[in-house]
Amino acid sequence: MLVGAALGALLGVAMMVAVSARIRPDLVIALVLGVPSVAGLVALFASSRRAVTTIGAFLLAIGPGWFATLAVIEAVTRG
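Note that the structure is a prediction, hence the values are computed from the model and not measured.

Novice: It is not clear to me how the overall build of the protein should be interpreted in this structure. Could you clarify?
Specialist: For the protein, the count of helices and strands is three helices and zero strands. Order of helices (α) and strands (β) in the protein, N terminus to C terminus: α-α-α. Based on the C-alpha atoms only, the size of the protein along its principal axes is roughly 45 × 20 × 20 Å. Expressed as a percentage of its 79 residues, the buried residues of the protein come to 19%.

And the structure:
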């Protein structure tokens, strides 16, 4: 889960650099937290092997790391 959170932080920084369009904050929050969470939960619930459970936990950890990075970047840039 630690690796997933770290990857989420890297994704947050990468997306802030790559995407310059103005997007509604509620949509960003829904995408950043919703997509990895749903994918992780589906992997966890459908898992019959240990590797799939690991992937599900990894996917679940991406969302909070990504969201935290975006929140920090937003707070710093807004001053």
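Novice: Sorry if this is basic, but what is going on with the packing of helix α2 (residues 25-45) against helix α3 (residues 50-78) here?
Specialist: Two measures define how a pair of helices packs: the angle their axes make with one another and the distance between the axes. At a minimum axis distance of 7 Å, the contact between α2 and α3 shows a crossing angle of 170°. Put simply, α2 runs roughly antiparallel to α3. Contacts from V28, I29, V32, L33, P36, S37, A39, G40, L41, A43 and L44 in α2 reach V52, T53, G56, A57, L59, L60, I62, G63, P64, W66, F67 and L70 in α3. Looking at side-chain class alone, the contact of α2 with α3 contains 18 nonpolar, five polar and no charged residues.

Novice: I tried to follow the pattern of salt bridges on my own but got confused; where do I start?
Specialist: Two side chains of opposite charge can pair, provided their charged atoms sit close to one another. For the structure shown, the criterion picks out one salt bridge. One salt bridge connects R24 with D26, and the closest N-O pair in it is separated by 2.6 Å. For R24, a relative accessible area of 51% puts it in the exposed group.

Cut-offs used in this document
Residues numbered from 1 in each chain as written. Predicted model: local features only at pLDDT ≥ 70, side-chain atom pairs only at ≥ 80, totals over all residues. Heavy atoms only, no water. Helix = DSSP H or I, 4+ residues; strand = E, 2+ residues; numbered from the N terminus. Buried < 20%, exposed > 50% of the residue type's maximum accessible area, 1.4 Å probe, protein only. Axes fitted to C-alpha atoms, helices over the stretch in contact; angles between N-to-C directions. Parallel < 35°, antiparallel > 145°, perpendicular 65-115°, else oblique. Contact = heavy atoms within 4.5 Å. Nonpolar A, V, L, I, M, F, W, Y, C, P; charged D, E, K, R; others polar. Salt bridge = Lys/Arg side-chain N within 4 Å of Asp/Glu carboxyl O.

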